[in-house]
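Residues per chain are reported as follows:
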Amino acid sequence: MPFPAFPRRVKIGDAAAFAGTTPRAVRHYHAIGLLPEPERGSDDRRRYGYDDMIRLLWIRRMADAGIPLDDIHAAFRGATGIEESLARLEESLASKAAAIEAQRAAVKRLREVGSPLGLLSPVVTGRLRDLPPGSLRSADLDTLLVTERVFGPLGAAVQANRFIVLATHPELRAEEDRLAEAEAALDDTMSPDDPRIEDLVAQRCDHETALENAGERSGVEAALDVLLDQEDEHADEEEGEARTSVLEAIGKMPYDFSPARVRYEERVIELLHPAGPDGYTDERTR
């Protein structure tokens, strides 16, 4: 069987196609000195020989492995330190692989749950995914999203208690809606010293107490205690991170609150979460 005609040299398009790249990339390798530019033919076009192709193939293999072009250049020069570069690359790839796995897990949860709840952390999703359809509102998810960003997954899991109780106690949900409407009315037309603010504060505190009592009676608090015990190994670390995040988030998470609303929120926190000896309030926020 006769061999096909072997070209002694090939044009840049054929060289790029054989190496699995593009003429533009090959020209870039020339520009940075990674691939010596071959002699041009009588038609003033580059012609690539066997040695050129070998070098180009090795460049592509290393580039496909994620090795930066500068390090490929150093490898061809025989420079020292390439091992350190490869170690950094391996660490970077491992980090990217972990990020991809986390993304795959998030997408899987989102498909399984069928709502934005699946985008929250597994510990939060797991506590809320069995609630009746429609009982978890969009605003509830918004609140959990912010809480998870500030306090971390365990903080949001703690807060999930109130949404479990609200979903299973229609009378408490109705009161929650009434209070939310009244809170929204605390606009710029109301003075922070208006006595109606203290009345609403008392109503909110009574409501939060009722929510907590309902959670204890239904076993929600006990389930949370089990969860916290399971996560106790990392609780201290997350608590420290959360405190720092809370302080930073004060000036970064915008809330369009009037002075009257700010005063109201301060009074609710003062009554529900008295400051401890370290100056921090209880992080089980509503």
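Residues numbered from 1 in each chain as written. Predicted model: local features only at pLDDT ≥ 70, side-chain atom pairs only at ≥ 80, totals over all residues. Heavy atoms only, no water.

A. Region of the structure containing the overall build of the protein. Summing up its helical and strand segments, the protein has 13 helices and 0 strands in all. Put simply, the protein runs from its N terminus to its C terminus through helices and strands in the order α-α-α-α-α-α-α-α-α-α-α-α-α. Evaluated residue by residue, the protein yields a buried proportion of 35% over its 286 residues. Per element, the accessible surface of the protein, about 18300 Å² overall, is 54% carbon and sulfur. (Helix = DSSP H or I, 4+ residues; strand = E, 2+ residues; numbered from the N terminus. Buried < 20%, exposed > 50% of the residue type's maximum accessible area, 1.4 Å probe, protein only. Areas by Shrake-Rupley, 256 points an atom, 1.4 Å probe, with all protein chains shown as cover.)

B. Structural context of the packing of helix H1 (residues 12-19) against helix H3 (residues 50-64). One can describe the packing of H1 onto H3 by two numbers: an axis separation of 9 Å at closest approach and a directional angle of 45 degrees. Accordingly, the angle class assigned to the pair H1 and H3 is oblique. As for the relative orientation of H1 and H3, their crossing is right-handed in sense. In this structure, H1 contributes Ala 15, Phe 18 and Ala 19 to the contact, and H3 contributes Met 53, Leu 56, Leu 57 and Arg 60. Partitioned by chemical class, the residues of the contact of H1 with H3 number 6 nonpolar, no polar and 1 charged. (Axes fitted to C-alpha atoms, helices over the stretch in contact; angles between N-to-C directions. Parallel < 35°, antiparallel > 145°, perpendicular 65-115°, else oblique. Left-handed = near helix turned anticlockwise from the far one by under 90°. Contact = heavy atoms within 4.5 Å. Nonpolar A, V, L, I, M, F, W, Y, C, P; charged D, E, K, R; others polar.)

C. Spotlight on helix H7 (residues 138-151). Its 14 residues place the ends of H7 20 Å apart at the C-alpha level, agreeing with the 20 Å of an ideal helix rising 1.5 Å per residue. Taken residue by residue, H7 has Asp 140, Leu 141, Leu 144, Thr 147, Glu 148, Val 150 and Phe 151 as its buried positions. Gly 152 sits one or two positions beyond H7 and adopts a positive phi of about 90 degrees. (Expected span 1.5 Å × (residues − 1).)

D. A look at a nonpolar patch on the surface. A cluster of nonpolar residues, Met 253, Tyr 255, Phe 257 and Val 262, forms a patch on the protein surface that exposes about 340 Å² of accessible area. Position of Val 262 among the secondary structure elements: in helix H13 (residues 259-272). (Patch = residues over 30% accessible without salt bridge, like charges linked within 9 Å, V, L, I, M, F, W, Y side chains within 5 Å. Salt bridge = Lys/Arg side-chain N within 4 Å of Asp/Glu carboxyl O.)

E. Highlighting the pattern of salt bridges. Considering all chains together, one arrives at 21 salt bridges under this definition. With its nearest N and O atoms 2.9 Å apart, the salt bridge here joins Asp 64 to Arg 60. You can see Asp 64 and its partner Arg 60 sitting in helix H3, 4 residues apart, about one turn around the helix. What makes Asp 64 exposed here is its relative accessible area of 57%. Judged by relative accessible area, which is 15%, Arg 60 ranks as buried. The residue Asp 177 makes a salt bridge to Arg 137 at a minimum N-O spacing of 2.8 Å. Of this pair, Asp 177 sits in helix H9 (residues 170-184) while Arg 137 sits in the loop between helix H6 (122-128) and H7, and the two are 40 residues apart along the sequence. According to the relative accessible area criterion, Asp 177 is partly exposed, its value standing at 30%.

F. Broad picture of the nonpolar core. In this structure, Leu 128, Leu 136 and Leu 144 are the most contacted members of the largest nonpolar core, which totals 21 residues. Listing elements by their share of this core, those giving two or more residues are H6, H7, helix H8 (153-168) and helix H10 (195-218). Counting residues per element, this core draws most heavily on H8, which supplies 8 residues. Not counting chain neighbours up to four residues away, the residues in contact with Leu 136 comprise Leu 117, Leu 128, Leu 131, Leu 141 and Phe 163. With 18 residues, the next largest nonpolar core counts Val 10, Ile 12, Tyr 29 and Met 62 among its residues. (Core = buried A, V, L, I, M, F, W, Y, C linked by side-chain atoms within 4.5 Å.)

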